[in-house]
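Chain residues, written in single-letter form:
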Amino acid sequence: MNIKRKLSFIFVLCLTLISLLSGCSRENENTRDSEEKIILGFSQIGAESAWRKCNSLSIQEAAQESSIQLLFANAEQKQENQIKALRSFIVYQVDVIAFVPIVADGWDNILREARDAGIPVLITDRKINTADENLYAGFIGTDSEQEGREGAEFLIKKFPDGEPVRIVEISGTEGSSPAVGRAAGFREVLADHPEFSIVYSASGDFLRSKGYELMKKVLKEVEDIDVIFSHNDGMTLGIIDAMKEQGIRPGKDIVIVTVDAEQAAIDALKRGEVNCVIECNPKTGPAIMELARKLARGEAISRLQHVDEEVFSEYDDLSDIPPRGY
Ligand code: GZL
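For clarity, every value in this text was computed on a predicted model and none was experimentally measured. (Residues numbered from 1 in each chain as written. Predicted model: local features only at pLDDT ≥ 70, side-chain atom pairs only at ≥ 80, totals over all residues. Heavy atoms only, no water.)

A. How the structure looks around unusual backbone geometry. In this structure, Gln-77 takes a positive phi of about 70° despite not being glycine. Inspection of the secondary structure puts Gln-77 in the loop between strand S2 (69–74) and helix H3 (79–92). One non-glycine residue, Ala-261, lies in the positive phi region at around 75°. Inspection of the secondary structure assignment puts Ala-261 in the loop between strand S9 (255–260) and helix H9 (263–271). According to the relative accessible area criterion, Ala-261 is buried, its value standing at 0%. (Helix = DSSP H or I, 4+ residues; strand = E, 2+ residues; numbered from the N terminus. Buried < 20%, exposed > 50% of the residue type's maximum accessible area, 1.4 Å probe, protein only.)

Written as structure tokens, this is what we have:
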């Protein structure tokens, strides 16, 4: 048995042991009674931001409350780990597979294996590019393009006089649907406003540390920056640190637009260090479990379900924003 098969076997063995210890064994299809818990295999990308940790907690808590047996695999930011986890879920014959695709490309082969095994797949949070949309049952998550549009709409309101506005974009993980979508939506709206120009764009991989390092570099290389458009609050916190080290006043000397709406970003908005925070809702656990239950019963689900999100900016009354929980 080659090393890959050995690793898959060990992974399944671990999942089996976890299930046995948690009082839920996997018997063959014929002997399982209708009372047995639904088994959901979930591949999460990692724990790269407070947003992601909240997303994972929402999923784990919702599974517990829904009496769904959750096999939860953390890929530690590696697509190959996600593919291994999905393959192990297939070997284990879970009822439903759900996952957050860390990047949009490279999923068709493993999705064909799931289809051939008769296991429905729910895609959550991030989207995929695929040659065959029928390889998955549906998507639930946030509308990244709309998040980008909201950021641009705020800037049009913030800079109404038609003077040139120089923008630096610090984007998310390259090839991920939120990074691609936020960039596209942002540019779509600004296309009608030529006074705005994106003078620099680079990926901070949704990480605070990379946002900090990138901003230090930008401050050395790019002149006359008016705006930072940051694809997530984690990177924004690093960007603010880098600005303050150079005596630059975030939110005043340079306008900051950020996405996620973590508590830390809302607090920075209240302090005037950030000017616009676009919500990206991580609390999708309950909706995911409802969809998984439908799929386990063989029911069809909506192909595309975007969760509700709002925008918080310096033009709003910020006094009654409830605690964010992440
Ligand atoms: C967006 C989500 C992104 C968040 C980041 O839907 O995938 O990943 O904006 C997280 O904080 O890392």
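B. How the structure looks around the pairing of strand S5 (residues 138–141). Along S5, one buried face is formed by Gly-138 and Ile-140 and the opposite face, lined by Phe-139 and Gly-141, is buried too. Relative to S5, strand S4 (residues 121–125) runs parallel, the two being bridged by four bridges. Paired with Leu-122 across the bridge in S5 is Gly-138. Bridge analysis of S5 against strand S11 (residues 304–306) gives three bridges, and the strand direction is parallel. Bridge pairing in S11 links Gly-141 to His-306. (Pairing = 2+ DSSP bridges.)

C. Region of the structure containing the site of the ligand. Near the ligand lie 13 residues; those nearest to it are Glu-48, Asp-125, Arg-126, Asn-232 and Asp-260. Separating an oxygen atom of the ligand from a side-chain N or O atom of Asp-125 is a distance of 2.4 Å. The separation between an oxygen atom of the ligand and a polar side-chain atom of Arg-182 is 3.0 Å. Listed by contribution, the elements that provide at least two residues to the shell around the ligand are helix H2 (50–65) and helix H6 (177–190). Per-class residue counts for the shell around the ligand are four nonpolar, three polar and six charged. Viewed by domain, the shell around the ligand spans two of them, domain 1 (36–141 + 282–307) and domain 2 (144–280), each represented by three or more residues. (Near = heavy atom within 4 Å. Polar contact = N/O pair within 3.5 Å; in protein donor to acceptor, adjacent residues only side chain to side chain. Nonpolar A, V, L, I, M, F, W, Y, C, P; charged D, E, K, R; others polar. Domains from an automatic or database assignment.)

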